[in-house]
Every structure is written in C-alpha cells, then in structure tokens.
Amino acid sequence: MADRIYNFSAGPATLPYEVLTQAAKDIVNFNNTGIGLIEMSHRSKEFMAVAEEAESLVRELFSVPDNYKVLFLQGGASTQFAMVPMNLLSKGRTATYLNTGVWSKKAIKEAGLFGNVNVAYTSEESGFDHVPAPSDLTLPADSEYTYFVSNNTIFGTQYHEFPVSDAPLVCDMSSDIMSRKIDVSSFGIIFAGAQKNIGPAGATLVIIRDDLLSKTPDTVPTMFKYSTHADKGSMFNTPPCFAVYTIGLVMKWLKNLGGVDAIEKLNREKAALLYQTIDDSQFYKGHARTASRSFMNVTFNLPDPDLETKFIQEATSRELNGLKGHRSVGGVRASIYNAFPREGVETLVEFMKEFEKNNG
Ligand SMILES: *Cc1c(COP(=O)(O)O)cnc(C)c1O
C-alpha cells in the first residue's frame with residue numbers, strides 16, 4: 001500500500017485495497033480460466049455465478065426483503081431521475097419531492113416532464129444546510145410517490161430520520177447506500193450509483209418493491225421499464241459486468257468486516273473525529289446544521305476563500321487528496337465513505353489542527 005495516498009474524492013471514490021488488487025488479477029485471468037473477467041460472456045456460467053453472488057450479498061447485507069427486486073442497471077443515478085417518473089408518474093398525476101440540494105433539483109426537473117410535481121419542502125433559501133425532520137413535513141397520501149435524497153453529497157447533509165409517507169418512498173441513496181442499517185421495507189424504490197459506497201462507476205443499484213413493477217405505462221421503451229430488467233434478472237442485455245463483479249468483491253469485504261452494522265459504527269466514529277475538530281475550533285465552520293450533518297461528506301469553510309485555497313494546496317502536498325468542495329459551494333469537503341480508512345481521517349484532523357495554529 002506504500003504507493004497509495006488518502007483520497008477524499010466525492011465519487012468515484014476510495015475502494016478497499018484488497019478489492020483493487022483482486023480485481024487487477026481477475027481482469028487479466030479470472031479464476032484461472034485463462035480469460036479475463038471483462039472479456040467473458042455475460043451468459044457464461046462463470047459470470048452468471050459472479051452476478052448471482054453479487055445480488056445475493058447485497059440482499060443479505062442490506063436485509064432486502066423477498067418482495068423486492070435487486071437490479072444492476074446502467075446510466076448512473078442521473079438516469080433514475082427520469083426512470084422513476086417514467087415508470088410511476090403520468091400526466092395529470094402528482095409526485096411529491098423534497099428539495100435538499102443539487103441532486104434533488106435535477107430529479108425534480110425530470111419529473112416535471114412526466115406529470116405534476118409537488119415540492120413539499122425546500123432548504124434552498126438557507127444554502128441547503130439542512131434536511132427536514134419528519135415533523136416539518138406534510139406529505140399528501142394521494143401522491144404517486146414521495147421522493148428524497150438520503151445524503152446530499154455536495155452540501156454534506158443527511159437524513160437521520162426518514163420522512164414518513166403513505167405514498168411509496170423513493171430514495172436516491174447514491175452517497176450513503178450500505179453505510180448504515182435501514183429498514184428497506186419502508187421504501188418503494190431505493191437507487192444508488194455504485195461509485196461512492198459500493199463499487200466503481202458504471203452500475204446503478206436499484207431495489208424496487210414488486211408491486212411497483214406493474215405501474216409502468218405501455219408507452220415506456222423496453223430498456224426504461226423496470227419490469228424488463230426485473231423479469232430477466234438484470235440480464236435483458238449486457239449488464240455492466242466489471243462493475244457488478246466489483247460490487248460483489250466490495251460486498252465480500254464488507255461482510256468480512258462485520259456487515260452494515262460494523263461499518264456504520266466505523267463511519268460514525270470517523271465523522272465524529274472531524275465534527276469534533278470543527279466544533280472545537282473558531283477557525284473552521286461546518287456548512288451543515290448540527291442535526292443534519294452527514295457521516296459521509298463533511299463540508300466546512302475557513303475564514304476566507306484564500307485560506308481555503310491554501311488549505312487545499314497544503315493538504316494535497318501532504319497526500320491528502322480531493323478535499324476541494326464542489327464548485328457550487330466552495331470550501332472544503334472530506335468524503336469519507338465506507339472504504340475510506342480511519343487513519344486518513346486522523347491524518348486530516350492532525351493537519352487541520354496544525355494549519356489552524358499556523359494560520360488562525
Ligand atoms: C453522485 C450522485 C448522483 C449522480 O450520480 P451519477 O451516477 O453520476 O448519475 C446522484 N445523486 C446523488 C445523491 C449523488 O451523490
């Protein structure tokens with residue numbers, strides 16, 4: 001690992017080292033078949049076994065009930081912004097959205113192409129520095145679904161209590177999927193681009209309740225119907241083979257570590273180290289309100305933009321990489337997903353204290 005540095009990138013993001021080294025071997029020669037993993041037919045018995053294992057590990061580790069399908073699709077989370085309303089919303093009908101950042105705004109725009117959108121909550125006026133508590137919300141039951149983003153990657157906010165809705169809950173969990181234990185049965189659809197917490201870019205995990213598969217209008221093209229992929233076990237066409245395989249490896253890594261409960265504990269500890277450093281200082285200021293703080297993306301500012309630039313430059317020279325905040329908010333963002341090591345957080349905390357001493 002001598003050649004590795006700490007990578008705080010928001011996505012694609014750090015993967016476990018043993019996953020990378022295993023993948024590097026298998027790309028060239030998978031299981032001594034003499035064929036590389038990414039050269040193999042997706043219908044070969046070798047790859048079918050890889051895909052089945054990835055799905056069953058996702059089910060096991062995330063406690064996915066039997067009446068849900070687990071799909072590996074393409075097009076990223078952004079394609080889901082359109083695919084959800086394409087399948088569940090039609091002209092004259094309404095879907096409810098909670099607007100807590102850039103990703104929910106993009107999803108709201110897409111939904112408007114298919115039906116009415118009721119934005120039941122927005123935190124835009126305060127710079128998306130928080131998410132609503134259940135008691136802040138009045139959610140209509142006659143909506144086709146209620147849509148929210150569990151972790152706002154750019155702003156560093158996260159729901160610690162999910163909305164309660166009679167309409168099916170649809171959740172973009174791209175940046176906190178499998179980082180904590182959740183009750184899948186309270187959701188209609190959960191989706192996530194793989195590249196933050198569970199694998200490389202290229203696969204989108206979709207977990208969908210069976211009864212929602214039959215709601216799709218006939219006019220929806222085959223590839224965009226959830227039922228197409230559900231009926232064929234995500235093998236209607238060529239799946240994102242390498243990404244699905246790598247998700248399987250990440251799941252094995254997670255299982256060895258003790259599963260979602262164990263990673264949740266580690267994630268909370270990592271985030272607490274950073275938030276404690278921010279709270280103990282007059283120099284660093286967290287972007288998110290305390291109750292909405294994300295355990296995955298820790299966002300903060302320094303007293304002025306010049307100091308932020310200097311901070312990021314010096315951090316980079318110390319092999320603390322990828323700390324620049326998203327271009328829409330500036331400041332610093334430390335993305336510390338499942339595979340990001342605790343030692344990297346400790347190194348950042350030491351650097352923050354030293355930088356404050358020298359520049360505060
Ligand atoms: C990164 C991200 C997306 C976009 O994912 P793509 O796979 O690039 O389309 C959507 N939602 C959230 C919450 C994200 O963090």
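The paragraphs below set out a description of the structure included in this document. (Residues numbered from 1 in each chain as written. Predicted model: local features only at pLDDT ≥ 70, side-chain atom pairs only at ≥ 80, totals over all residues. Heavy atoms only, no water.)

Remarks on the sheet that holds strand β2 (residues 68-73)
At step 1: Strand order across the open sheet formed by seven strands is β2-β10-β9-β8-β5-β3-β4, with mixed pairing between neighbours. Pairing within the sheet leaves two strands with one partner each, and these edge strands are β2 and β4 (116-122). Neighbouring strand axes in the sheet, compared pairwise and without regard to direction, differ in orientation by 20° on average.
At step 2: Direction of pairing for strand β5 (residues 146-149) relative to strand β8 (residues 169-172): parallel, over a ladder of four bridges. When the sheet's bridge partners are listed, Thr-146 is paired in β8 with Leu-169.
At step 3: Of the strands in this sheet, β2 and β10 (204-209) touch helix α2 (residues 45-61), which is tilted by about 130° from β2. (Pairing = 2+ DSSP bridges. Helix = DSSP H or I, 4+ residues; strand = E, 2+ residues; numbered from the N terminus. Axes fitted to C-alpha atoms, helices over the stretch in contact; angles between N-to-C directions. Contact = heavy atoms within 4.5 Å.)

A short note on the environment of Gly-115
At step 1: In this structure, Gly-115 sits in the loop between α4 (102-111) and β4.
At step 2: A C-alpha to C-alpha distance of 19 Å links Gly-115 and Trp-103, two positions twelve residues apart in sequence.
At step 3: Sequence-distant contacts of Gly-115, that is, excluding residues within four places in its chain, are made with Leu-89, Ser-90, Lys-91 and Arg-93.

Comments concerning the site of the ligand
At step 1: As a structural note, the neighbourhood of the ligand is formed by 13 residues, with Ser-78, Thr-153, Asp-172, Gln-195 and Lys-196 the closest of them.
At step 2: One nitrogen or oxygen atom from the main chain of Ala-77 is found 3.0 Å from an oxygen atom belonging to the ligand.
At step 3: At 2.9 Å from an oxygen atom of the ligand is found a side-chain nitrogen or oxygen belonging to Gln-195.
At step 4: Relative to its free-state accessible area of 390 Å², the ligand is covered by the protein chains to the extent of 86%.
At step 5: Among the residues making up the shell around the ligand, the classes are represented as four nonpolar, seven polar and two charged. (Near = heavy atom within 4 Å. Polar contact = N/O pair within 3.5 Å; in protein donor to acceptor, adjacent residues only side chain to side chain. Areas by Shrake-Rupley, 256 points an atom, 1.4 Å probe, with all protein chains shown as cover. Nonpolar A, V, L, I, M, F, W, Y, C, P; charged D, E, K, R; others polar.)

Section: the packing of helix α6 (residues 241-257) against helix α7 (residues 259-279)
At step 1: Put simply, α6 and α7 touch, their axes get as near as 7 Å, and they point 80° apart. With respect to α7, the element α6 is oriented roughly perpendicular. In contact with Trp-253, Leu-254, Lys-255 and Leu-257 of α6, α7 contributes Gly-259, Val-260, Ala-262, Ile-263 and Leu-266.
At step 2: Broken down by class, the residue content of the contact of α6 with α7 amounts to seven nonpolar, one polar and one charged. (Parallel < 35°, antiparallel > 145°, perpendicular 65-115°, else oblique.)

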